[in-house]
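# Observations on the three-dimensional arrangement
The chain contents come next:
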Amino acid sequence: MALFRFTTDPPTRPLIRTQNLALRAPVATDYAAWAVLRMESREFLTPWEPVWNEDDLTRTSFRLRVKRAAREITTDEAYSLFIFDTRSDILLGGLTLGLVRRGVAQACTLGYWMGERHAGKGYMTEAVRGALRFAFQDLALHRVEAACLPNNAPSKRLLERVGFQSEGMARAYLRINGSWADHLLYAALSSDRLPMEK
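Residues numbered from 1 in each chain as written. Predicted model: local features only at pLDDT ≥ 70, side-chain atom pairs only at ≥ 80, totals over all residues. Heavy atoms only, no water.

## Quick look at the sheet that holds strand β6 (residues 143-148)
The criterion, for reference: Pairing between strands is defined by DSSP: at least two bridges between them are needed. Under the DSSP-based scheme used, a helix requires at least four consecutive residues in state H or I and a strand at least two consecutive residues in state E, with every element numbered from the N terminus. Contacts were defined at the residue level, with two residues in contact if any of their heavy atoms lie within 4.5 Å. To define axes, lines are fitted to C-alpha atoms, for helices over the stretch in contact only, and angles between the resulting N-to-C directions are given on a 0 to 180 degree scale.
With mixed pairing, the eight strands of this open sheet are ordered in space as β1-β2-β3-β4-β5-β6-β8-β7. Of all strands in the sheet, those bounded by a partner on one side alone are β1 (16-17) and β7 (165-176). Alignment of β7 against strand β8 (residues 179-189), held across eight bridges, turns out to be antiparallel. By the bridge assignment for β8, Ile176 is matched with Ser179. Along the sheet, helix α4 (residues 123-138) makes contact with β1, β2 (21-24), β3 (79-85), β4 (90-101), β5 (107-114), β6 and β8, crossing β4 at roughly 35°.

## What to know about the packing of aromatic side chains
Operational definition: Classification of ring pairs rests on two measures: the distance between centres of Phe, Tyr or Trp rings, Trp counted by its six-membered ring, which must be within 6.5 Å, and the angle between planes, read as stacked under 30 degrees, edge-to-face over 60 and tilted in between.
Following the criterion strictly, the structure yields five aromatic pairs and no others. With centroids separated by 6.3 Å and ring planes inclined at 40°, the aromatic side chains of Tyr31 and Trp34 adopt a geometry described as tilted. With Tyr31 and Trp34 both in helix α1 (residues 31-40), this residue pair falls three residues apart, about one helical turn. Their ring planes at 35° and their centres at 6.2 Å tell us that Phe62 and Phe82 sit as a pair that is tilted. Residue Phe62 is found in helix α3 (residues 59-74), and its partner Phe82 is found in strand β3; the two are separated by 20 residues along the sequence.

## So, α3
Under the convention used in this document: Working rule for helices: expected span equals 1.5 Å times residues minus one. Residue exposure (1.4 Å probe, protein chains only): buried if accessible area is under 20% of the type maximum, exposed if over 50%, otherwise partly exposed.
The end-to-end C-alpha distance of α3, which contains 16 residues, comes to 23 Å, matching closely the 22 Å that a straight helix rising 1.5 Å per residue would cover. All of the buried residues in α3 are Ser61, Phe62, Val66, Ala69, Ala70, Glu72 and Ile73. Buried residues belonging to α3 abut α1 and β3. Among the residues trailing α3, Asp76 stands out with phi positive, at a value near 60°.

## What to know about the nonpolar core
Put simply, the rule is: Here, the term nonpolar core denotes a set of buried Ala, Val, Leu, Ile, Met, Phe, Trp, Tyr and Cys residues that are joined through side-chain atoms within 4.5 Å.
One finds Leu95, Leu97, Leu110, Val128, Val144 and Phe164 to be the most contacted residues of the largest nonpolar core, which totals 37 residues. Those elements giving two or more residues to this core turn out to be β2, β3, β4, β5, α4, β6, α5 (153-162) and β8. Top element by residues in this core is α4. It accounts for nine residues. Those residues within four positions of Leu97 in sequence are excluded, and the remaining contacts are Ala78, Tyr79, Cys108, Thr109, Leu110, Ala131, Phe134, Ala135, Leu139 and Val144. Among the nonpolar cores identified, the runner-up in size contains 13 residues, and Tyr31, Trp34, Leu37 and Phe62 belong to it.

## Side note on the side chain of Arg24
Within the secondary structure layout, Arg24 lies in strand β2. Residue Arg24 is classed as buried on the basis of its relative accessible area, which comes to 15%.

## Details of the pattern of salt bridges
The following threshold applies: By definition here, a salt bridge exists when the distance from a side-chain nitrogen of Lys or Arg to a carboxyl oxygen of Asp or Glu is within 4 Å.
Enumeration according to the criterion identifies nine salt bridges in this entry. Glu49 is paired through a salt bridge with Arg38; the nearest N and O atoms lie 2.7 Å apart. Remark: Arg38 occurs in helix α1 and Glu49 occurs in the loop between α2 (42-45) and α3; sequence separation between them is 11 residues. The pair Glu49 / Arg38 is uniform in exposure class, with both members buried.

Right, dumping it as structure tokens:
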């Protein structure tokens with residue numbers, strides 16, 4: 001069970017703070033920044049994501065996304081968060097601790113995306129480190145899992161840099177860019193000695 005519960009809507013305050021970043025649930029007023037960042041990053045993100053729905057970038061679709069994120073946080077099912085630079089309040093990307101499993105598992109799955117113009121600057125490394133602290137300390141989880149395509153060298157480097165360990169290959173694991181794709185599986189445990197921030 002999470003160490004805290006939201007009785008109504010999740011707070012609009014950040015759930016995770018790091019030295020340079022704030023991670024919080026999306027709200028309706030994030031739509032314009034999100035739509036611009038996703039549109040301008042579409043070609044950059046396409047090889048690593050499921051096929052986008054035709055209406056993916058519409059305001060209606062975004063409203064549903066915001067409602068789902070709020071509901072899932074309130075019910076401790078998933079934590080879909082936007083990543084902001086605290087110095088500029090610019091939206092950089094998103095990160096999800098999803099598929100939260102309680103009971104004997106106490107685990108979740110990490111997913112993330114970064115806007116193209118912000119990639120390669122260390123933001124996601126910092127965000128994932130913060131997410132691991134949140135998962136292990138605030139949510140009292142034991143295990144955080146992640147998966148990436150074998151040819152996604154930046155994602156492999158990121159996961160290994162923050163302390164995830166490789167656990168093998170899953171065949172045809174996720175449908176990415178229209179095709180079932182093999183994925184490398186990684187995990188970090190609350191008992192692991194994770195690398196310190198640099």
